[in-house]
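# Coordinates in review
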Amino acid sequence: MLTAATLTRVVGAALEEDAPWGDLTSTTLLPADATATADLVAREAGVLSGGEVFAAAFSLTDPAVTVDRHVGDGDRFVPGDVLASVSGSARSILTAERVALNFAQRMSGIATLTAAYVAAVDGTRARIVDTRKTTPGLRAFERHAVTSGGGHNHRYSLSDAVMAKDNHLAVIARSGADLATALRDALSRLPHTVHVVVEVDRLDQIPAVLDGGAHTVLLDNFSIEDLRAGVALIDGRATTEASGGVTLDTVGDIARTGVDVISVGALTHSARALDLGLDVRIS
C-alpha cells in the first residue's frame, strides 16, 4: 500500500542516493531564480502507474514545485501523450528528474506487462496475481503497479499467510511427520483469519493437502493436462492456483484449465522500464 510514510521513506532515500551533497550541475550552471515547466511525455504506448510517486520526487526536493497529473494510474496512453506537467524552480525540477522518471518508468512497465497478462486470460475465471519476487525495498511500489495494470496482489510478506512450499514439505517429510496431520495441527494453532496455501508438484500430493484443510492448493509447474486433472480432483474444496514459468504465450491455456488464480513472478522481476521522458518547454 502506498502510504505517505512509504512514499517519504522510499522516495527520500532515492533522492539522497542520487544527490547526497546536492546537484552540482544544476546549482553551478543554473541561476538560482530560474524557473521551468516540464512535461512527462510518453514515448511509447502503455498503462500508467506511479503518478503519486513521480509527484513525490519533486515535492520532497522542493515543496514549492507543482505537479499536475493529466493521466491517472491504470489509464492507458499512446506515444506523445502528456501524462503530467511540472512547474517551479529549474534547479529543483532537474535535481528530481531522474528519480521521478525511474519510478514512473519502472512502475508503468510493470502495469503495462500486467495488463497484457490480464487481457490474455479475459473470458476465464482466472485472476492474475503477483509474487514476492520484487525488488528489495520497492515491494509496495511494484505491487501497486500490478493493481494499476488490472492484476491482484498475493500475500505481501512472510507474515501475512501460511504458504508451505517444496522446501517446507521436504523438511516435514524428513522429520517423519504426516503432511495432513501437520497441516491440521498448524490450523488448530492459527487464528481463523489466516489463509493457508500449500504448493504441490504432483497430483498424488493433493489428497493429503485437502485432508489437512488447506485453503488454497498451489499447482506448481504442472502440465496443462495435469492442471485440468488437479482442478477436477480438488473440485471446489479449495482455491486452485497455478504457478511456475508462466508466460504470455502460455497463460491463456493455463487459465482455460479452470484454475482460480495464476501467480506470475515475471510481472515484477522481468518487466522492462517504459520509455517516458521529461521535456522542458522552450518558449
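Description of the structure in this document. No experiment lies behind these values; they were computed from the predicted model shown.

With that settled, consider the sheet that holds strand β5 (residues 82-89). Read from one edge to the other, the open sheet built from four strands follows the order β3-β5-β1-β12, with strand pairing classed as antiparallel. What marks the edges here is a single partner per strand, and that holds for β3 (66-69) and β12 (276-280). Looking at each pair of strands side by side, their axes are set apart by 20° on average, direction ignored. Bridging between β3 and β5 involves four bridges; their strand directions are antiparallel. Looking at β5, one finds that D68 is bridged to S85. Helix α3 (residues 51-61) rests against β1 (35-42), β3, β5 and β12 of the sheet, and its axis sits at about 165° to β3. Sheet contacts for helix α4 (residues 90-120): β1, β5 and β12; angle to β12, the most-contacted strand, approximately 160°.

Considering all chains together, one arrives at two aromatic pairs under this definition. Taking the centre distance of 5.1 Å and the plane angle of 70° together, the rings of F54 and F58 count as edge-to-face. Taken together, the residues span about one helical turn, with F54 and F58 both in helix α3 at a distance of four residues. Considering the side-chain rings of F103 and F141, the 5.2 Å spacing of their centres and the 70° angle between planes classify their relative orientation as edge-to-face. Note that F103 is positioned in helix α4 and F141 in helix α5 (residues 139-148), a separation of 38 residues in sequence. By relative accessible area, F103 is classed as buried at 9%. Take F141: its relative accessible area is 2%, and that puts it in the buried class. When the ring centre of Y156 is taken as origin, the NZ or CZ atom of R139, which lies over that ring, is 5.9 Å away.

One finds F54, F58, F141, V217, I262 and L278 to be the most contacted residues of the largest nonpolar core, which totals 72 residues. No other element matches the 11 residues that α4 contributes to this core. Residues within four places of I262 in sequence aside, it is in contact with V121, A126, R127, I128, V129, A242, V246, V251, I254 and A255.

Let's shift gears to the pairing of strand β9 (residues 216-220). Counting buried residues along β9, five of its five residues qualify, which places the element largely inside the surrounding structure. Of the two faces of β9, the one carrying T216, L218 and D220 and the one carrying V217 and L219 are both buried. With four bridges connecting them, strand β8 (residues 196-200) and β9 associate as parallel partners. Opposite V197, over in β9, you have T216 as the bridge partner. In the classification by handedness, the crossover that spans β8, the intervening helix α8 (residues 206-211) and the parallel β9 is right-handed. Across five bridges, β9 lies against strand β10 (residues 239-243) in parallel orientation. Paired with T216 across the two strands is T239, which belongs to β10. The parallel pair β9 and β10 is bridged by helix α9 (residues 224-234), and the resulting crossover is right-handed.

Criteria and thresholds
Residues numbered from 1 in each chain as written. Predicted model: local features only at pLDDT ≥ 70, side-chain atom pairs only at ≥ 80, totals over all residues. Heavy atoms only, no water. Pairing = 2+ DSSP bridges. Helix = DSSP H or I, 4+ residues; strand = E, 2+ residues; numbered from the N terminus. Axes fitted to C-alpha atoms, helices over the stretch in contact; angles between N-to-C directions. Contact = heavy atoms within 4.5 Å. Phe/Tyr/Trp six-rings, centres within 6.5 Å; stacked < 30°, edge-to-face > 60°. Buried < 20%, exposed > 50% of the residue type's maximum accessible area, 1.4 Å probe, protein only. Lys NZ or Arg CZ within 6 Å of the ring centre and 35° of its normal. Core = buried A, V, L, I, M, F, W, Y, C linked by side-chain atoms within 4.5 Å. Right-handed = clockwise from strand over helix to strand, strands pointing away.

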